[in-house]
Amino acid sequence: MAFSEFRPLHDNSLIDYIKSVPALSSKIGNDFDNLFVKEVGDGNLNFVFIVLNSAGSFVIIHALPYVRSIGESWAMTKERSYFEWLALKEKGRLCPEHVPEVYHFDRTMSLIGMRYLEPPHIILRKGLVAGIEYPLLAEHMADFMAKTLFFTSLLFRTTSEHKRDVAEYCGNVELCRLTEQVVFSDPYKVSEYNRWTSPYLDHDAEALREDNLLKLEVAELKSKYYDQHSSFIAVCAAAIVVLGFFLLYYKSIHFCSFCERAQALIHGDLHTSSMMVTHESTQVIDPEFAFYGPMGYDIGAFLGNLILAYCSQDGHADQKNDRKAYKEWILKTIEDTWNLFQHKFTALWDEHRNGAGEAYLPAIYNNPEVQLLVQKKYMTDLFHDSLGFGAAKMIRRIVGVAHVEDFESIADAAKRATCEKRALDLAKTILKERRKFEGIAEIVSAIRKHE
Ligand code: ADP
Ligand code: SR1
Ligand code: MG
Ligand code: MG
């Protein structure tokens, strides 16, 4: 059977498809007699099939031309599959320890075949709801973020390499537009897609739409996010001149420099359902929102979702487990993640300081004093970006279209709303006052104060 044109695959047609692809059929020993095929997709966008028998296994990620969680009324390019594959390959090359191997990609069919992350791997968010500690999580995520962000930035790469890849990922514009809408716009306006725990949070949702200071800060973050993928188009001289003046006269905005704005190849959706974990293993999946954007968007997504997990714990506490110790573990994981990331990222920078990276030329940044100054400013800006993006992503999960299991699984609406309100207030404080925080320990203190 030919698969020369796109069509949605279901269990039976998927088996015919697998038979036609040696890279997949060989993974199950070309044995189709006792094959287990099950659709297990629980995310917002794609259909995911587990395929396994006694000889082996794999997973199929299949993108249909709409947003799965909404339905066909919300069309979405199936080309997202191409960018997910591209990013899985690149991130897998840079950090093979934490990215599952890709076996097959078919652009026509919008389909990726990859390693099945077998049990006991579970989605991290589910582990956080269940109160399970992952002792290596901070170390692994710091490692993943440091490697994938550093090695795709201008700290390591030449301008030519960087621009070439920025151009490639500019094609992922529809997914970027989706993020712009659901993270940076909809929560701050009336939108048919918004929802919240009503009536408890009615006033809070309305307050977001009337908070001028918050809107100002969100606009700045959106600009940082948005301008990354339009920056390629903005390679025209006029934009450089305009931005140059803008930077000169508005120094309080911490853009690093024009070329740094498309800072690195980011995952683009690095929340706690985008990783599968065991006690020993952390595997990052689902990078279909990947593009050259602000590093803080990834770091913030992870930290912000850990803070959401923290805020939801009281809703999961019961007589057997008050979750107090677990909350301490989440706080420690937040603190360790940033500290380890900072350590690993700056170590990579120091190691490659005299390499091909064109951000800070050795001929100019040629003494320890200026190097330290530059690094300190870079990491401070990155920290504040991460806080801002993390907070914005917390807010969208409470009043926007896509909610999180951390809160959704709290059946009692009043209890859920109490947890959500705490998270919302905390996120607003972090977003507005992020530049005042000098280190991650101060964030942990702020989280504790919001109890
Ligand atoms: P979406 O893009 O819709 O969010 P995901 O790529 O996150 O889809 O996958 C949805 C679900 O499929 C995950 O939550 C996970 O349960 C399962 N899944 C995805 N990739 C794998 C994998 N490699 N191994 C095992 N399960 C997977
Ligand atoms: C319709 S919004 C869908 C959301 O799910 C993905 O995981 C992204 O976070 C996106 O914003
Ligand atoms: Mg997902
Ligand atoms: Mg996805």
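Here, residues in each chain are numbered from 1, in the same order as that chain's written sequence. In the order they appear in the text, chains get letters beginning with A and ligands get numbers beginning with 1. In view of the model being predicted, local features appear only for residues whose pLDDT reaches at least 70, and side-chain atom pairs are presented and counted only at 80 or more, with totals across whole chains, interfaces and linings using the full set of residues. In computing side-chain properties, one takes all heavy atoms of the structure into account and sets aside hydrogens as well as water.

Notes on the site of ligand 2
So, point 1. Any residue with a heavy atom positioned within 4 Å of a molecule or strand is treated as near that molecule or strand. Lining the immediate surroundings of ligand 2 are Asn44, Leu45, Val67, Trp74, Val182, Asp269, His271, Phe289, Arg396, Arg397 and Val401.
So, point 2. Pairs of N or O atoms are called polar contacts if they sit within 3.5 Å, as long as, within protein, a hydrogen donor faces a hydrogen acceptor (for residues adjacent in sequence, only side-chain-to-side-chain pairs). A distance of 2.8 Å separates an oxygen atom of ligand 2 from a polar side-chain atom of Asn44.
So, point 3. In this structure, Arg397 approaches ligand 2 through a side-chain N or O atom, which is 3.3 Å from an oxygen atom.
So, point 4. Its free accessible area being 320 Å², ligand 2 has 96% of it covered by the protein chains.
So, point 5. Taken atom by atom, the bulk of ligand 2 overlaps the largest pocket.
So, point 6. Its residues placed into classes, the shell around ligand 2 shows six nonpolar, two polar and three charged. Reported accessibility uses the Shrake-Rupley method at a 1.4 Å probe radius. Residues are deemed covered only where the shown protein chains occlude them. Whether a set of points on the 1 Å grid over the protein atoms alone is a cavity depends on a 1.4 Å probe fitting there but being unable to get out, while an open set qualifies as a pocket with protein on both sides within 12 Å along at least five of seven lines; lining residues are those with an atom within 4 Å of a point. Think of it this way: if more than half of a molecule's atoms are within 2 Å of a pocket's grid points, that molecule is in the pocket or cavity. Gly counts as polar in this scheme, as do all residues outside two lists: the nonpolar Ala, Val, Leu, Ile, Met, Phe, Trp, Tyr, Cys and Pro, and the charged Asp, Glu, Lys and Arg.

What to know about empty space enclosed by the protein
So, point 1. Grid points are joined across faces, edges and corners, and a volume is the space filled by probe spheres set on the points. Per the counting criterion, the structure on display carries five cavities of 30 Å³ or more.
So, point 2. Looking at the lining of the largest cavity residue by residue, the class counts come to eight nonpolar, three polar and two charged.

A closer look at the coordination of the magnesium ion (ligand 4)
So, point 1. For Na, K and Ca the donor cut-off is 3.2 Å; for every other metal, N, O and S atoms count as donors within 2.8 Å. Water does not enter the count, which can leave sites looking incomplete. Protein coordination of the magnesium ion (ligand 4) is provided by Asp286 (OD), Asp286 (OD) and Glu288 (OE), with donor distances spanning 1.6 to 2.7 Å.
So, point 2. Here the magnesium ion (ligand 3) and the magnesium ion (ligand 4) are spaced 4.0 Å from one another, each receiving a donor from Asp286.
So, point 3. For the exposure calls, accessible area comes from a 1.4 Å probe over protein chains only, and a residue counts as buried if that area is under 20% of its type's maximum, exposed if over 50%, partly exposed in between. Residue class for Glu288 comes out buried when judged on its relative accessible area of 2%.

Some details on the domain arrangement of the protein
So, point 1. Domain start and end points were adopted from an automatic or database domain assignment. Domain parsing of the protein yields domain 1 (11-114) and domain 2 (122-449).
So, point 2. On a C-alpha basis, the centres of domain 1 and domain 2 stand 27 Å from each other.
So, point 3. Between domain 1 and domain 2 lies a buried interface of about 2,500 Å² when both sides are counted; carbon and sulfur atoms form 65% of it.
So, point 4. Among the residues of domain 1 in contact with domain 2, Phe83, Lys91 and His98 are the three that bury the most area, contributing 29% of the side total.
So, point 5. We define a salt bridge as a contact between a side-chain nitrogen of Lys or Arg and a carboxyl oxygen of Asp or Glu at a distance within 4 Å. Residues Lys147 and Glu97 are paired through a salt bridge, measuring 2.9 Å at the closest nitrogen-oxygen approach.
So, point 6. Inspection of the region where domain 1 meets domain 2 yields 11 residue pairs in polar contact (both at pLDDT 80 or more).
So, point 7. At 10 residues, helix α3 (residues 80-94) tops the list of elements feeding residues into the side of domain 1 that touches domain 2.
So, point 8. Counted by class, the side of domain 1 that touches domain 2 contains 14 nonpolar, four polar and six charged residues. Put simply, buried area is the surface a 1.4 Å probe can reach on two separate parts but cannot reach once they are joined, added for both. Only DSSP runs of H or I with at least four residues qualify as helices, and only runs of E with at least two residues qualify as strands; both kinds are numbered from the N terminus onward.

Digging into the nonpolar core
So, point 1. Put simply, buried Ala, Val, Leu, Ile, Met, Phe, Trp, Tyr and Cys residues joined by side-chain atoms within 4.5 Å make one nonpolar core. Residues Phe341 and Phe345 are the most contacted members of the largest nonpolar core, which totals 123 residues.
So, point 2. Among the elements that make up this core, the one with the highest residue count is helix α13 (residues 368-399) (13 residues).
So, point 3. Formed jointly, this core draws a minimum of three residues from each of two domains, domain 1 (11-114) and domain 2 (122-449).
So, point 4. By definition, residues are in contact when any of their heavy atoms lie within 4.5 Å. Setting aside residues up to four positions removed in sequence, Phe345 forms contacts with Ala146, Leu149, Phe150, Leu155, Met295, Tyr378 and Met379.
So, point 5. One finds Ile15, Tyr17, Ile18 and Val37 within the second-largest nonpolar core, a separate group that totals 21 residues.

With respect to the sheet that holds strand β11 (residues 282-284)
So, point 1. Strand pairing is assigned whenever DSSP identifies at least 2 bridges connecting the two strands. Here we have three strands laid out as an open sheet, ordered β8-β10-β11, and antiparallel in their pairing. The open sheet has two edge strands, β8 (122-123) and β11, and neither has a second partner.
So, point 2. As paired elements, β8 and strand β10 (residues 275-277) share two bridges and run antiparallel to each other. Bridge assignment links Ile123 to a residue of β10, and that residue is Met276.

Overview of helix α11 (residues 295-316)
So, point 1. Residue count minus one, scaled by 1.5 Å, sets the expected span of a helix. Between its first and last C-alpha, α11 extends 32 Å over 22 residues, near the 32 Å set by a 1.5 Å rise per residue.
So, point 2. Among the 22 residues in α11, 21 count as buried, and that is most of the element.

Description of the layout of surface pockets
So, point 1. In this model, the largest pocket occupies a volume close to 1,200 Å³.
So, point 2. In this structure, the largest pocket is lined by 49 residues; those nearest its centre are Asp42, Gly43, Asn44, Ser273 and Asp286.
So, point 3. Of all the elements in the fold, those that place two or more residues in the lining of the largest pocket are β2 (47-53), β3 (56-62), β8, α4 (124-130), α7 (173-185) and α13.
So, point 4. If you tally residues by element for the lining of the largest pocket, the top one is α7, at four residues.
So, point 5. Here the residues of the lining of the largest pocket sort into 25 nonpolar, 11 polar and 13 charged.
So, point 6. Mapped onto the domain boundaries, the lining of the largest pocket takes at least three residues apiece from domain 1 (11-114) and domain 2 (122-449).

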